[in-house]
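Summary of structural features
Residue-level listing of the chains:
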Amino acid sequence: MASMRDIKRRKSSIQSTQQITKAMKLVSTVKLQKAKLHAEATDPYFNHMYQTVTSILAKSGNINHPYLTPGVSDKIAVVVITSNRGLAGGYNANVTKLVTNNQDLLPKDKVEVFCIGSKGREALERYGYHIKEDHSEIMEAPAYEDAAAVCARVLDAFTKGEIGQIYLAYTHFKNTVVHVPKLMKLLPVEFSEEEIQAADDKLIMNYEPNVEEALNLIIPKYVTSIFYGALVEALASENGARMQAMDSATSNAEDMISDLSLKYNRARQGSITQELTEIIAGAEAISYIIIEGVKQWQKILEKSLRSLVRSWISNSLRERSRRSTRPSRSPVKTVSVWSLRLHRTWVMIP
């Protein structure tokens, strides 16, 4: 069992950590409120943008456009949005798993990673992925201009034929406690069977001035909007995940402190009991020693007194025998009288 000093030191360390996690939870809560309001305010626009563009392209039928057909290159660009800081639970790991666990769709030797967030970059580098570009500074304060700049670089690589497909890996913010990692294909634009069936074939889609110029303007804005919406949702999801992680850490620290307090009290009670036992045992030992010592001293004193009395009697008898000129009593009788008196005196000694 650990000593009281070790338990007290560990308890103090956990209390310091608990203060840090509690402060981080409060900071994440404030940031989450701002990011949540921003995500809720921008979410309708990006949803309508996605629905509108997919509806337009689904109604247009087969259109031969570079943004709608796979590129000649077999390289796949993956834009991975994570955070620059940890202590957010499984937030960053869940996003990187979208890339590492989809080897059939995203082979490692064909993937070109565009990282936004240092944690995702570090994780994918450990797995051996090629990091083409890193824009981690965007996650500090996401802006539409930053999203447009990154999208322009990715789209430029797509139009030049350097990459054939573009995917986006991010975390969808559903609510404060639910964050869903998503892998979305941006280019070439594809439609599900439901979206194709939902399109009204009777409506005719006309483009002015022509299809190519219209799509060259619409699709980059569509990709940029989707990308910026993913940035906003990822920021809200990051703060939500960090708030939950810090709340769990604070609760776990409280449980550990309670457990250590119980162990400390038990150790303290055991120490006090042991000290009392030692004191009682010591008192009994001292009492025994004192009693035995008194008995020994009584025996020594008794022996000394007897010896002293005997010598005094013998000296007194010799002195009397020398001084007496005429014996009034017989020596035997005198010795008997003196012996009787001294015996009575000795009996009275305690």
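Preceding block: the structure.
Now for a description of the structure that goes with this document.

1. Section: a nonpolar patch on the surface
- Nonpolar side chains collect at one region of the surface, where I272, L276, I279 and I280 lie side by side and expose about 390 Å² of accessible area between them.
- Within the fold, I272 resides in helix α6 (residues 211–323).
- Judged by relative accessible area, which is 37%, I272 ranks as partly exposed.

2. With respect to the nonpolar core
- One finds I81, I116, I166, L168, L187, F227 and L231 to be the most contacted residues of the largest nonpolar core, which totals 52 residues.
- For this core, the elements supplying multiple residues, two or more each, are α1 (4–59), β1 (76–81), β2 (111–116), α4 (144–159), β4 (165–173), β5 (179–187) and α6.
- Take this core: its biggest share by element is 15 residues, from α6.
- Ignoring sequence-local partners within four residues, the contact set of I116 consists of V79, V80, I81, T82, H135, S136, I138, M139, V150, F227 and L231.

3. Side note on the packing of α4 against α6
- Where α4 meets α6, the axes come as close as 9 Å, and the angle between the chain directions of the two elements is 125°. One finds that α4 runs oblique with respect to α6. Seen along the crossing, α4 lies across α6 with a hand that is right-handed. Every residue of α6 that contacts α4 at Y144, A147, A148, V150, C151 and L155 is listed here: P220, K221, V223, T224, S225, F227, Y228 and L231.
- Looking at the contact of α4 with α6, its residues break down into 11 nonpolar, two polar and one charged.

4. Re the environment of S258
- If you trace the backbone, S258 turns up in helix α6.
- Note on S258: relative accessible area 42%, which makes it partly exposed.
- Taking the C-alpha atoms as reference points, S258 and K11, 247 residues apart in sequence, are found 9.1 Å from one another.

What counts, and where the lines are drawn
- Residues numbered from 1 in each chain as written.
- Predicted model: local features only at pLDDT ≥ 70, side-chain atom pairs only at ≥ 80, totals over all residues.
- Heavy atoms only, no water.
- Patch = residues over 30% accessible without salt bridge, like charges linked within 9 Å, V, L, I, M, F, W, Y side chains within 5 Å.
- Areas by Shrake-Rupley, 256 points an atom, 1.4 Å probe, with all protein chains shown as cover.
- Salt bridge = Lys/Arg side-chain N within 4 Å of Asp/Glu carboxyl O.
- Helix = DSSP H or I, 4+ residues; strand = E, 2+ residues; numbered from the N terminus.
- Buried < 20%, exposed > 50% of the residue type's maximum accessible area, 1.4 Å probe, protein only.
- Core = buried A, V, L, I, M, F, W, Y, C linked by side-chain atoms within 4.5 Å.
- Contact = heavy atoms within 4.5 Å.
- Axes fitted to C-alpha atoms, helices over the stretch in contact; angles between N-to-C directions.
- Parallel < 35°, antiparallel > 145°, perpendicular 65-115°, else oblique.
- Left-handed = near helix turned anticlockwise from the far one by under 90°.
- Nonpolar A, V, L, I, M, F, W, Y, C, P; charged D, E, K, R; others polar.

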